[in-house]
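Residue-level structure breakdown
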Amino acid sequence: MFAASIVKPFSRLFVRVFGLALAFTFLAPLQAGAQSLPPEVDAALARAKVPRDAVTMVVADADGVRPPRLAWRSQVQVNPASIMKLVTTYAALDLLGPAFTWTTPVYVDGPVRNGVLEGNLYIRGQGDPKLVIERLWLLLRRVQALGIQSIDGDIVLDRSAFEVTDSDPSAFDGEGSRPYNAAPDALLINFKSVVMTFVPDRATQTARVSYEPALAGVAMQPAVPLAAGECNDWRASLGAEFNDPARIGFSGSFPAACGEKVWPVAYSNPASYAARAVGGLWSEMGGRIKGVVREGRVPAELRPAFEVASPPLAEVIRDINKYSNNVMAQQLFLTLGLQQKRQGSLEAARATVRQWWNERIGTAEGQPVLDNGSGLSRDERISAAELAKMLQIAWRSPLMPELVSSLPATGVDGTLRKRALRGGGAAHLKTGTLRDAAGVAGYVHAASGRRYVVIAIANHANAGAARPAFDALVDWAAQD
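Residues numbered from 1 in each chain as written. Predicted model: local features only at pLDDT ≥ 70, side-chain atom pairs only at ≥ 80, totals over all residues. Heavy atoms only, no water.

1. Concerning the overall build of the chain
Each helix and strand in the chain was counted, giving 12 helices and 24 strands. Each of the three principal axes of the chain carries a C-alpha extent, and together these read 90 × 70 × 35 Å. Long-range pairs, those at least 24 residues apart, make up 70% of the contacts in the chain with a sequence separation of at least 6. Accessible surface, the chain as shown: approximately 20,600 Å² in total, 53% of it carbon and sulfur. Within the chain, the 45 negative side-chain charges are centred at a point lying 5 Å from the centre of the 50 positive side-chain charges. (Helix = DSSP H or I, 4+ residues; strand = E, 2+ residues; numbered from the N terminus. Contact = heavy atoms within 4.5 Å. Areas by Shrake-Rupley, 256 points an atom, 1.4 Å probe, with all protein chains shown as cover. Lys, Arg positive; Asp, Glu negative; His and termini not counted. Charge placed at Lys NZ, Arg CZ, Asp CG, Glu CD.)

This is the structure:
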C-alpha cells in the first residue's frame, strides 16, 4: 500500500514532466542549432549577391525530436510569398477535412412546359475554386436534363456568399492580364480567364484562333496572319488587344515556326465574366433565353432543383500547391471564414486561421500575419521557426499524406518539374516568388532514409537570384 501510494503520484509526475520535456524538445530545437550556413549555400548566396542577413533557413527533423541541423535567423518574420499557401491548405485540411466539397446549387423559379422554363433560372455560387468550363458545361447539361431548352425569364447569378469587392487586377503588380491576378468570387468560373489556342494553317497562311470559353457579347478574332522567322517572343509579335471588353483582337502576326501554342489570359472586365461565360456557353449548347444573364439573389423560398459538387479538398489543394494557384488559395481562405464563422469575408477568414493556429500550433511569437491566404501580398509574414513547427505537427498528423502529396515533387511535377536534386534523395516543396521575396518550404526525403523539414526564404531585391542557394540547401539536407 505504501509503495503503491508513492508510485502512482510519482508516475503521474513523471508523465507530466516527461511530457513537458518532450514538448520542449519539440519546440526548442528550432531556436537553436547550427548558426553558420553550409559552405555551398554561402557561396551560392554570394554569387547571387544576396546577403546572409536577407535569408532565413531551417533544416530540422520532420518528427521534431532532435535538434535542428540548421536554424539561421529562424525567428525573423519574413514575407513568404506563395509559401503561405502551406498555412491555408493545412488549416483547411484540419478544419474541413480532406473529403470536403463545395456545392453549387441551381434553382428553377417557374413551371417547365414544352421545353420552356416560364420564369428564372438561378445559379448560386458558394466558393467552388474549380468551377472550370467543363464543369459549367455539365451543370448546364443538367439544366437541359430537366427539360429546359429555352428560358422565358433571366439566368440569375448569385455571388453573395463572399463579401468581396471588385478590384483592379492590375493593382498588385501591373500585370492585369495574367490569370494569377484573378480575384476571388463566390461564383468563380474558369478563373475568369480565356484560353486562346493558335494553330498554324500554312494553306491559308494564317493561324486559326480558338477561344475557351466563348463569351457572350465579345467579338473574338478567328485568325491572324502567319509570319516567317523563329519562334521567339511570339506573344509580343501578336500585338494583342485585350483592353476592350467587347473585343479580343490582334494587330500583329503569329510565327509559323511556333507550331501550336496556348495562351491563357485574364478577361479585361472580370465583373462581367461570369455572366458572359454562362450566356455564351448556354447559347453554344443550343439553349435560348428571352431575358438576360444578370446578377441577383436567390429568393429565400426557393429550394434547389439540384446541386453540382466540386472535387474533394484533397484534390483541390494539389492544384493550389503544385501549381501555386493564387485565386484557388484565396477561394479556400474565404471558404474557411464562410464555413467556420458563417461569413465569407477576409476578416472572418483571418480570424478563423488565427484561432486555429493558436489552438493547433501555438501562441508563440512569429505566427502568421495573414492577408488573403495565397501569398500574393506585400503584408503577409511568418517566421521560419513557426512554419517549421507547423510542418512538424503536420508530419505527425493523419493528414500528412494529403498535405505532402499536394506539394510539388522535385524533378517530377508542378513548379519543381525542372528542378531535380543532384545528390540523391527526393523532396516535396512549396515554392514562392514575388518581386522581392522567394523561397521553398516542405519536406526532404534524405538518402539516409530520414525526413527533414526544410525552409529557405529570401527577402531582398535579388531574391529571385537566390534559387541556386535554395537548391544547394535542399541538396545539403538530402545528403545527410
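Moving on, there is more to tell.
2. Focus on the pattern of salt bridges
The final tally for this structure, using the stated rule, is 19 salt bridges. Put simply, Arg159 and Asp185 hold a salt bridge, and the shortest N to O gap is 2.6 Å. Of this pair, Arg159 sits in the loop between β9 (155-158) and β10 (193-201) while Asp185 is found in the loop between β9 and β10, placing the two residues 26 residues apart along the sequence. With a relative accessible area of 3%, Asp185 lands in the buried category. Between Asp436 and Arg378 there is a salt bridge, and its shortest N-O distance comes to 3.6 Å. Within this pair, whereas Asp436 is found in the loop between β22 (426-433) and β23 (437-445), its partner Arg378 is found in the loop between α9 (346-360) and β21 (382-383), the two being separated by 58 residues in sequence. Exposure remark for Arg378: the relative accessible area of 26% places this residue in the partly exposed category. What you see here is one network of salt bridges that share partners, running through Arg159, Asp185, Lys192 and Glu295. (Salt bridge = Lys/Arg side-chain N within 4 Å of Asp/Glu carboxyl O. Buried < 20%, exposed > 50% of the residue type's maximum accessible area, 1.4 Å probe, protein only.)

3. Here's the deal with the pairing of strand β20 (residues 306-309)
Only one face of β20 is covered, namely the one carrying Phe306 and Val308; the face carrying Glu307 and Ala309 has none of its residues buried. Two strands pair when backbone bridges link them, and strand β4 (residues 103-109) and β20 are joined in this way by 4 bridges, in the antiparallel orientation. Bridging across to β20, Pro105 finds its partner in Glu307. (Pairing = 2+ DSSP bridges.)

4. Focus: the state of the cysteines
Counted under the stated rule, the structure contains 1 disulfide. Sulfur-sulfur distance for the disulfide between Cys231 and Cys258 comes to 1.9 Å. Handedness of the Cys231-Cys258 disulfide follows from its S-S torsion of about 100 degrees: it is right-handed. Placement of the pair is Cys231 in the loop between β13 (223-227) and α5 (234-238) and Cys258 in the loop between β16 (254-255) and β17 (261-266), with a sequence separation of 27 residues. You can call Cys231 partly exposed: its relative accessible area is 27%. (Disulfide = S-S within 2.5 Å.)

5. Considerations on the sheet that holds strand β8 (residues 150-151)
Read from one edge to the other, the open sheet built from 4 strands follows the order β5-β6-β8-β18, with strand pairing classed as mixed. Edge positions in the sheet fall to β5 (112-113) and β18 (288-289), since each has one partner strand and no second. Both strand β6 (residues 116-117) and β8 contribute to a ladder of 2 bridges, which runs parallel. Counted as the bridge partner of Val116 is Ser150 from β8.

6. Brief notes about the packing of helix α3 (residues 85-96) against α9
At a minimum axis distance of 11 Å, the contact between α3 and α9 shows a crossing angle of 75 degrees. Comparing their axes, α9 and α3 come out roughly perpendicular. Judged by residue contacts, Val87, Tyr90, Ala91, Asp94 and Leu95 of α3 engage Thr352, Val353, Trp356, Trp357 and Arg360 from α9. Residues that form the contact of α3 with α9 fall into these classes: 7 nonpolar, 1 polar and 2 charged. (Axes fitted to C-alpha atoms, helices over the stretch in contact; angles between N-to-C directions. Parallel < 35°, antiparallel > 145°, perpendicular 65-115°, else oblique. Nonpolar A, V, L, I, M, F, W, Y, C, P; charged D, E, K, R; others polar.)

7. What about unusual backbone geometry?
With an omega of 0 degrees, the peptide bond running from Glu212 to Pro213 counts as cis. With respect to the secondary-structure elements, Pro213 resides in the loop between β11 (206-212) and β12 (219-220). In this model, Asn190 sits at a positive phi of 55 degrees, which is unusual for a non-glycine residue. Note on placement: Asn190 falls in the loop between β9 and β10. A positive phi angle, near 55 degrees, is found at Lys192, a position not held by glycine. If you trace the backbone, Lys192 turns up in the loop between β9 and β10.

8. A look at the environment of Gly147
Here Gly147 lies in the loop between α4 (133-145) and β8. A relative accessible area of 31% places Gly147 in the partly exposed class. Setting aside chain neighbours within four positions, we find Gly147 in contact with Val112, Gly115 and Val116.

9. Side note on the confidence of the model for the chain
On average, residues of the chain score 91 in pLDDT, and 90% of them reach the 70 mark or higher. Here residues 1-28 scores under 50 on pLDDT; set against residues more than four positions off or in separate chains, the count is 11 contacts. (pLDDT = per-residue confidence, 0-100.)

10. Observations concerning the packing of aromatic side chains
Two aromatic rings, taken as a pair, are described by how far apart their centres are and by the angle between their planes. A full pass over the atoms with the stated rule returns 12 aromatic pairs. Ring centres of Tyr90 and Trp356 lie 5.6 Å apart, and the angle between their planes is 75 degrees; this geometry places the pair in the edge-to-face category. Remark: Trp356 occurs in helix α9 and Tyr90 occurs in helix α3; sequence separation between them is 266 residues. For the pair shown, Tyr90 and Trp356 are each scored as buried. When the centroid spacing of 6.1 Å and the interplanar angle of 75 degrees are considered together, the rings of Trp356 and Trp357 count as edge-to-face. By the burial criterion, Trp356 is buried, and Trp357 matches it. (Phe/Tyr/Trp six-rings, centres within 6.5 Å; stacked < 30°, edge-to-face > 60°.)

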